[in-house]
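The chain contents come next:
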Amino acid sequence: MARPAWAQIPVHLDHDIRITLAQAGIPGAAVGYAREGRVRFVRGYGYADVARRRPVTPDTVFAIASITKTITAAAILRLAGQGRLTLDDPVAAHLDFPVVNPHHPDAVITLRHLLTHTSGISDEKYYAVDFRHRGGDTPLALRDMLVGYLMPGGTYYDANGCYAAAPGEAWDYSNVGFALLGYVAGRVGGFDARMAIRQFLMAPLGLHHSYWTLGEVPPVLAATPYEGGKPVATMGFPDWSAGMLQSSAADFTRYIAACANDGAAEGARVLPAGTMAQMLTRQPAPNLPGWLSGQGLGWMMGPLDGADRWEHWGGAEGIFTVAYLDPGRRQGVTILTNATATDAAKAAVKKVAARLLREGPDL
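If you're wondering where the values come from, they're calculated on a predicted model, not measured in any experiment.

Peer 1: Looking at this structure, how should I read the nonpolar core?
Peer 2: Counting residues in hydrophobic clusters, the biggest one holds 84 residues, and the most contacted among them are Leu150, Leu180 and Trp299. When residues of this core are assigned to their parent elements, the largest contribution, nine residues, is made by helix 7 (residues 175-189). If near-sequence neighbours (up to four positions away) are discounted, Trp299 is found in contact with Thr70, Tyr255, Ile256, Cys259, Met276, Met279, Leu280, Trp310, Glu311, His312, Ala323 and Leu325. Ranked by size, the runner-up nonpolar core spans 25 residues in total, among them Tyr33, Tyr45, Leu304 and Ile335.

Peer 1: Quick question: what am I supposed to make of the pattern of salt bridges here?
Peer 2: Where charged atoms of side chains with opposite charge meet at close range, the side chains can pair. Evaluation of the coordinates by the stated rule reveals 18 salt bridges. Across the pair Arg355 and Asp16 runs a salt bridge whose closest N-O atoms are separated by 2.6 Å. Pair noted here: Arg355 is in helix 12 (residues 343-359) and Asp16 is in helix 1 (residues 11-23), with a separation of 339 residues, a long-range link. Note on Asp16: relative accessible area 28%, which makes it partly exposed. The salt bridge partner of Arg198 is Glu216, with a shortest N-O separation of 2.9 Å. Of the two residues, Arg198 is situated in helix 8 (residues 193-205) and Glu216 in the loop between strand 6 (210-211) and strand 7 (226-227); the sequence distance between them amounts to 18 residues.

Peer 1: When you look at the environment of Val11 in this model, what are you seeing that I'm missing?
Peer 2: In this fold, Val11 is placed in helix 1. Linking Val11 and Leu87, residues 76 residues apart in sequence, is a C-alpha distance of 46 Å.

Peer 1: Explanation requested: the sheet that holds strand 17 (residues 331-337) in the structure shown.
Peer 2: Pairing is antiparallel in the open sheet, where eight strands are placed in the order 3-2-1-17-16-15-14-13. The strands lining the two open edges of the sheet, one partner per strand, are strand 3 (54-55) and strand 13 (294-295). When strand 1 (residues 28-35) meets strand 2 (residues 38-49), the two strands line up antiparallel, connected through eight bridges. Among the inter-strand pairings, Ala34 is bridged to a residue of strand 2, identified as Val39. Sheet strands touched by helix 1: strand 1 and strand 2. Its angle to strand 2, the strand with the most contacts, is close to 40°. Contacting strand 1, strand 2, strand 14 (300-304), strand 15 (307-316), strand 16 (319-326) and strand 17, helix 12 crosses the sheet at an angle of about 155° to strand 17.

Calculation rules
Counting from 1, residues in each chain are numbered in the order their sequence is written. At least 70 in pLDDT is required for a residue's local features to be given in this predicted model, at least 80 for side-chain atom pairs to be given and counted, and no such filter applies to totals for whole chains, interfaces and linings, which use all residues. Here the side-chain values reflect all heavy atoms present in the structure, with hydrogen atoms and water set aside. We call a set of buried residues a nonpolar core when its members are Ala, Val, Leu, Ile, Met, Phe, Trp, Tyr or Cys and they connect through side-chain atoms within 4.5 Å of each other. When accessible area is computed with a 1.4 Å probe and restricted to protein chains, residues below 20% of their type maximum are described as buried, those above 50% as exposed, and intermediate ones as partly exposed. Counting from the N terminus, the helices are the DSSP runs of H or I reaching at least four residues and the strands are the DSSP runs of E reaching at least two. Here, residues are in contact when the closest pair of their heavy atoms is within 4.5 Å. In what follows, salt bridge is the name for a side-chain nitrogen of Lys or Arg lying within 4 Å of a carboxyl oxygen of Asp or Glu. Pairing between two strands is assigned when DSSP locates at least 2 bridges connecting them. Helix axes use the C-alpha atoms of the stretch in contact, all axes being lines fitted to C-alpha atoms, and the angles between their N-to-C directions lie in the range 0 to 180 degrees.

Taken by themselves, the reported measurements are silent on function.
Written as structure tokens, this is what we have:
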């Protein structure tokens, strides 16, 4: 069978990417590049399973981790475009349980606060609890996690560990905030937001190897996660909307193509025109960390190759993923790996992403 057109890549570039990733100690990776609403190429490098010498292919399924948050943000923006909510709505208006910052009880937490990591909901207790379920999907439901974390008397509640600054006062990355957005999307949409995302985004883009649970992933496609060169267990999280998507580079690059091309890719429009421009607009976010230069709605902005680029990274034990957008040139890059992030791995993926964004339009 002939290789698809998007699989073609100059030999020298293919070689350089392979060497860059291997020298960083990354067991396996898949790299995708999209421009003007089309996937231009996707390639696999290294091994999805080192012991079995099973190579990474464009269809190898990786944990996407926190880049999932950009899809959750897109679901919220889509509902806003339908007039079913506004970004400055109090989140409480869309919930069936109260969410009140005990340090600032009169301050309103809005959806925009959640989308920009300025809600004041803290992940300090989240990491102390450690919601990871090793070896498979978690039995803990999203609502049960949220009620237990955010409400006084809840199983995981700690006023000082679950809440911090007043809404809008400071940027503080929050997985729990995006967990709450996923729950809101389901409440407003009328059914589990994962199903809605399948309908409005995955199906139109032809994402055939993208899954919300570990149990759905065919074992022959699953990338084994590694840390320090040793395999580690897969992990399920209850906050699916913050980081549980599993996808292949062939699939996920289609999504990145749409993000870089005003919501349309491969002949399908998955977001109304102008939605991505709204998401890729700097929002108020005081006290950003030094590695960021801006915060959008879901997406972030950081330096790459001498320019500010819209980006999102994801990571956990045995997982490291990155995505970059250059909407001005309607191009985007995604790199999925099956290794815990190290300084060498971070430098390598940034080098590859920078080169693709620089040279991609000439391919």
